[in-house]
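Reading the structure
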Amino acid sequence: MTPAQYPPPRTVQRRRNLREEVAESLRNRILTGEFKPGSRIDLVAISDEWGVSQLPVREALIALEGEGLVMSYPRRGHFVQALRPEDIIDHYEIFGRVAGMAAARAAQILSSEQIHELETINEAMRAGKDPENQENYNFQFHKIINSTGSSHRLISVLRILSKTMSLRFSEIIPGWDEQAAEEHDEILEALRQGDPEAARTAMENHLSVNGVRAAEALQRVNFFPEA
C-alpha cells in the first residue's frame, strides 16, 4: 500500500445532544468571524434557526461563556467576547504542554504497528490535496498518540482543549499541511527512538508554533479588534 492510498479516516462521531451541537455551531461562527466581537447573540433567533426550544441554546451559551468566547450580562443577554492574539497563542501553548505529556508516555509503549500506521497517515497527509481529508489525517495522527499515551483524566483534558479552540488550520494558514507533516516527522523520529523527552519537546513545539501561526493569520484578516 502506498501512502497516497491510505483511506481518508471515516468520521465516526458519538451521538451528541442538542446543547453540544448548538455550541459547536456557535463556536465555529465566532472563531471564523461570522459573529463579530461585541455583537449580541440573539437567543430567540438561534432557537428559531435550529427549530428548538431556547433551553439547549441557553445551555450552549453557558458552555461558551465557560470557554471565554462569550460574556453574559444581566437583562442584556450574551455577547461575543473579543479575543486577542495572546488568547490563541496561550491556548495552543497549554495544549502543547498537555499533548507533550501524552507523547512522552506514548514513546515508551507504542507498538511498531502503531508507529507504521502513524508514518502511513503522515505520508498520506503530505501527499493529499483535499483540505478536509488533511484535517482528518492530522486528527487521526494525534488521536493515536493521545489515546495511547493518556490516562482517562489526560484524554478528557485534551478533548476539551481540542474542542474549545477548534480552528481550521488548513483554511487560515497557507502551507499548513506541509509544515504540519514536517513537524510530525520530528515527532515520529522521537517515537521510533522511544525517547520520551524528545517526543514531549517535538509535540510541544508542534502545537505551540501552530498557535503562533494561527494568531498571525487571524491578525492578517483583521480578526482581532483594534486596541
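For the structure itself, consult the block above.
Everything quoted here is computed from the prediction, not taken from an experiment. (Residues numbered from 1 in each chain as written. Predicted model: local features only at pLDDT ≥ 70, side-chain atom pairs only at ≥ 80, totals over all residues. Heavy atoms only, no water.)

1. Notes on the packing of helix α6 (residues 131-149) against helix α9 (residues 176-193)
Counted only if it meets this: Axis lines are fitted through C-alpha atoms, for helices just across the contact stretch, and the angle between N-to-C directions can take any value from 0 to 180 degrees. In DSSP terms, a helix is any run of H or I states spanning at least four residues, a strand is any run of E spanning at least two, and both are numbered starting from the N terminus. Every angle not falling under 35 degrees, over 145, or within 65 to 115 is termed oblique; those three ranges are roughly parallel, roughly antiparallel and roughly perpendicular. Crossing handedness is read from the near helix: turned anticlockwise from the far helix by less than a right angle, it gives a left-handed crossing, and turned clockwise, a right-handed one. Residues count as neighbours in contact if any of their non-hydrogen atoms are within 4.5 Å of one another.
With their axes 11 Å apart at the nearest point, α6 and α9 run at an angle of 20° to one another. Comparing the axis directions of α6 and α9 gives the class roughly parallel. Regarding α6 and α9, the two cross each other, and that crossing is left-handed. Residues Q134, E135, N138, F141, H142 and I145 of α6 lie in contact with α9, whose contacting residues are W176, D177, H184, I187, L188 and L191.

2. So, unusual backbone geometry
Note the following rule: Residue exposure (1.4 Å probe, protein chains only): buried if accessible area is under 20% of the type maximum, exposed if over 50%, otherwise partly exposed.
Of note in the backbone geometry, R75 takes a positive phi value of approximately 65° without being a glycine. You can see R75 is positioned in the loop between β2 (70-73) and β3 (77-80). The phi angle at N222 is positive, at roughly 60°, despite the residue not being glycine. Along the chain, N222 turns up in the segment after α10 (196-220). Assessed through its relative accessible area of 64%, N222 is described here as exposed.

3. Details of the layout of surface pockets
The following threshold applies: Computed over the protein atoms alone on a 1 Å grid, cavities are sets of points where a 1.4 Å probe fits but cannot get out and pockets are open sets with protein on both sides within 12 Å along at least five of seven lines; a residue lines them when it has an atom within 4 Å of a point. Grid points are joined across faces, edges and corners, and a volume is the space filled by probe spheres set on the points. As a working rule, the residues Ala, Val, Leu, Ile, Met, Phe, Trp, Tyr, Cys and Pro are called nonpolar, Asp, Glu, Lys and Arg charged, and the rest polar, with Gly in that last group.
Here the second largest pocket defines a volume of roughly 160 Å³. Taken together, N28, L31, T32, S166, L167, R168, E171, I172 and L218 make up the lining of the second largest pocket. The set of elements that each furnish at least two residues to the lining of the second largest pocket consists of α1 (18-31) and α8 (169-172). Tallied by class, residues from the lining of the second largest pocket come to four nonpolar, three polar and two charged.

4. Thoughts on the packing of aromatic side chains
Filter applied, for reference: Aromatic contacts are taken between Phe, Tyr and Trp rings whose centres are within 6.5 Å, Trp giving its six-membered ring; a plane angle under 30 degrees counts as stacked, one over 60 as edge-to-face, and the others as tilted. Put simply, a charge is over a ring when the Lys NZ or the Arg CZ is close to the ring centre, within 6 Å, and near the line of the ring normal, within 35 degrees.
For the structure on display, the rule yields five aromatic pairs. For the ring pair Y92 and F95, a centre distance of 6.0 Å and an interplane angle of 35° mean the geometry is tilted. Placement of the pair is Y92 and F95 together in helix α4 (residues 85-109), with a separation of three residues, close to one helical turn. Comparing Y92 with F95, the two get one shared label, buried. Taking the centre distance of 5.2 Å and the plane angle of 85° together, the rings of F223 and F224 count as edge-to-face. Given the relative accessible area of 14%, F223 is considered buried. Each member of the aromatic cluster is reached from another via a ring pair, and the members are Y92, F95, F169 and W176. Above the face of the Y73 ring, R76 is positioned so that its terminal group lies 4.9 Å from the ring centre.

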